[in-house]
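If you want the building blocks of each chain, they are given just below.
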Amino acid sequence: MTLPSIPHVDIESLEHFDRLLAAGASAMAGWRVQSVDLTGRTAELLGLQPTGSVFLGCALEEKADTWVREGGGLVFPTIPALPFDAYRGRLYDADELFAGLEGGYDATPDAQIYAWSRQHDEKGDTSRTLAAALHDHAIADALTELPDDKPWVGVMGGHGVLRDSADYRAAVLLGRTLARRDRVVVTGGGPGAMEAANLGASLASYDDAALEAVLTELGAVPSFRPSIGAWAAAGLSVRSRFPGDGGVSVPTWFYGHEPPNVFASAIAKYFSNAQREDVLLGRARGGIIYLPGAAGTVQEVFQAVTPNYYGDAATQIPLVLVDVNHWTVELPVWPLLQSLAADRPMQTSIRLVDTIDEAAGLVG
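Under an unreviewed UniProt entry, the name given to the protein is LOG family protein, and the source organism is Kribbella hippodromi.

Take a look at the structure:
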């Protein structure tokens, strides 16, 4: 006998909880309530059947907590002394991660969470490991809630690309071109080529004069070294005057020396680099463009190549490497890809080009 499925409901705000009550809810089966302060809703909770509900990091009065637990619900308590919410129900944005930047980068949540993660790495504390895993699960869940009505195209590349360089400009133009073609730009989320692609997407509705003005202003602070604060402040200043949809970025605190860029509209920041890489490459079903980069970019090439290698013709994702000299001479990845692809469906999915216009025409 097949049991009926229980509708799943994510509740991430008190307003959503109240709407369900107003609609006449009498039971909480299938409810997953994340990081909501329900201390003022004890009477309402006692009027709801808790069987099959899950409460993640919510604030509950003792009577409500007991009612849920004894009635067949699950309550995952908050974890004390964390600089982040392990059960958060939404992705980050630049304003949250860089809050307090006027007091220096070290005062921001992004820097404080990175410092916490370094302590976790050194101590190997189980509770910290659990907190990081819960956080990354919440981020992955929030990422799946983003619209997927447009093809997601990944743009990968080196974090060391300077804002005043020709490579940075090329990545900006690539991001703008993709966004104008109704693609969602998704990047690894750091500085350099990744920032440039998200910036380009955010400038999709602006003309060339605005783009040149932005590049000139950002070029005055070309790198996040020596000052992340100055680098981020310049980006935030530009974004405030040229707002736009910069797409998605998926950075990691594993590379804590690389701060997230401010131009992505949604930031899915992880502790686990392995999970972050898997999610990032898995969502870019419209294809992935690889600009010149080093070890991290090479890793991303082969992580995406593996499912193409073992997949059939129907599962191939376009993988486009940009800059023939870089990928054949400086880092000869292309010859190896050709050898792997020989006589396999993967032959149709890999391309090597020299310009961003060629690359943009091969994805989505």
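K.L.:
Honestly, the packing of aromatic side chains in this entry has me stumped. Any pointers?
P.N.:
The geometry of two aromatic rings is summed up by the distance between their centres and the angle between their planes. Overall, the coordinates contain 11 aromatic pairs when judged by the stated rule. Arranged with centres 5.9 Å apart and planes meeting at 90 degrees, the rings of Tyr92 and Trp253 form a pair that is edge-to-face. Of this pair, Tyr92 sits in the loop between strand S4 (74-76) and helix H4 (94-97) while Trp253 sits in the loop between strand S7 (248-249) and strand S8 (266-267), placing them 161 residues apart in sequence. Its relative accessible area of 2% is what places Trp253 among the buried residues. Members of the aromatic cluster, connected to one another through ring pairs, are Phe84, Tyr92, Trp116, Trp253 and Phe271. One cation-aromatic arrangement involves Arg88 over Tyr92; the distance from NZ or CZ to the ring centre is 3.8 Å. Above the face of the Tyr309 ring, Arg344 is positioned so that its terminal group lies 3.9 Å from the ring centre.

K.L.:
I tried to follow the environment of Ala266 on my own but got confused; where do I start?
P.N.:
Here Ala266 lies in strand S8. Taking the C-alpha atoms as reference points, Ala266 and Arg90, separated by 176 residues in sequence, lie 9.3 Å from one another. Sequence-distant contacts of Ala266, that is, excluding residues within four places in its chain, are made with Leu91, Tyr92, Leu146, Gly247, Val248 and Ser249.

K.L.:
Is there a simple way to explain helix H7 (residues 166-180) in this structure?
P.N.:
Note: α-helices contain 3.6 residues per turn, so residues at a spacing of three or four share the same orientation. Given a rise of 1.5 Å per residue, 15 residues ought to cover 21 Å, and the 21 Å separating the end C-alpha atoms of H7 matches this to within 8%. The complete set of buried residues in H7 reads Tyr168, Ala171, Val172, Leu174, Gly175, Arg176, Thr177, Leu178 and Ala179. On its buried face, H7 is in contact with strand S5 (152-156), strand S6 (184-187), helix H8 (193-202), helix H9 (208-219), strand S9 (288-290) and helix H15 (356-360).

K.L.:
Would you take a moment to explain the packing of H7 against H9 for this structure?
P.N.:
Between two packed helices, what matters for the description is the angle formed by their axes and the separation of those axes. Remark: H7 packs on H9, axes separated minimally by 12 Å, with the N-to-C direction vectors making an angle of 140 degrees. As far as their axial angle goes, H9 and H7 are oblique. Where H7 crosses over H9, the handedness of that crossing is right-handed. In contact with Tyr168, Arg169, Val172, Leu173 and Arg176 of H7, H9 contributes Asp208, Leu211, Glu212, Leu215 and Leu218. Residue composition of the contact of H7 with H9, by class: 6 nonpolar, no polar and 4 charged.

K.L.:
Sorry, what's going on with unusual backbone geometry here?
P.N.:
Of all residues except glycine, most have a negative phi; of all peptide bonds, most are trans. With an omega of 10 degrees, the peptide bond running from Arg225 to Pro226 counts as cis. Within the element layout of this structure, Pro226 appears in the loop between H9 and helix H10 (228-241). Backbone geometry at Asp182 places phi at a positive 65 degrees, although glycine is not the residue there. On the secondary structure map, Asp182 appears in the loop between H7 and S6. Residue Asp182 is classed as partly exposed on the basis of its relative accessible area of 42%.

K.L.:
I tried to follow the sheet that holds strand S2 (residues 31-34) on my own but got confused; where do I start?
P.N.:
What the 4 strands build is an open sheet, ordered S1-S2-S3-S4; its pairing is parallel. Every interior strand has two partners, whereas the edge strands, strand S1 (9-11) and S4, have only one. Taken pair by pair, the neighbouring strands of this sheet meet at an average axis angle of 15 degrees, ignoring direction. Along the sheet, helix H1 (residues 14-22) contacts S1 and S2; its crossing angle with S1, the most-contacted strand, is approximately 130 degrees.

K.L.:
Before we go on, may I ask you to explain the sheet that holds S6 in this structure?
P.N.:
Paired through backbone hydrogen bonds, the strands of a sheet run either parallel or antiparallel to each other. Within the open sheet, the 7 strands sit side by side as S8-S7-S6-S5-S9-S10-S11. Their pairing is parallel. For this open sheet the edge positions go to S8 and strand S11 (350-353), each flanked by a neighbour on one side alone. The pairing of S5 with S6 spans 4 bridges and is classified as parallel. Following the sheet pairing, Gly154 is matched in S6 by Val186. Helix-sheet contacts for H8 involve S5, S6 and S7, and the interaxial angle to S6 is about 160 degrees.

K.L.:
Help me understand the nonpolar core in this model?
P.N.:
Nonpolar side chains in soluble globular proteins generally cluster together in the buried interior. Grouped together as the largest cluster of nonpolar side chains are 93 residues, with contacts concentrated most on Leu178, Ile289 and Tyr290. Formed by 15 residues, the second largest nonpolar core is a distinct cluster that contains Phe17, Met28, Val33 and Cys58.

Criteria and cut-off values
Residues numbered from 1 in each chain as written. Predicted model: local features only at pLDDT ≥ 70, side-chain atom pairs only at ≥ 80, totals over all residues. Heavy atoms only, no water. Phe/Tyr/Trp six-rings, centres within 6.5 Å; stacked < 30°, edge-to-face > 60°. Helix = DSSP H or I, 4+ residues; strand = E, 2+ residues; numbered from the N terminus. Buried < 20%, exposed > 50% of the residue type's maximum accessible area, 1.4 Å probe, protein only. Lys NZ or Arg CZ within 6 Å of the ring centre and 35° of its normal. Contact = heavy atoms within 4.5 Å. Expected span 1.5 Å × (residues − 1). Axes fitted to C-alpha atoms, helices over the stretch in contact; angles between N-to-C directions. Parallel < 35°, antiparallel > 145°, perpendicular 65-115°, else oblique. Left-handed = near helix turned anticlockwise from the far one by under 90°. Nonpolar A, V, L, I, M, F, W, Y, C, P; charged D, E, K, R; others polar. Pairing = 2+ DSSP bridges. Core = buried A, V, L, I, M, F, W, Y, C linked by side-chain atoms within 4.5 Å.

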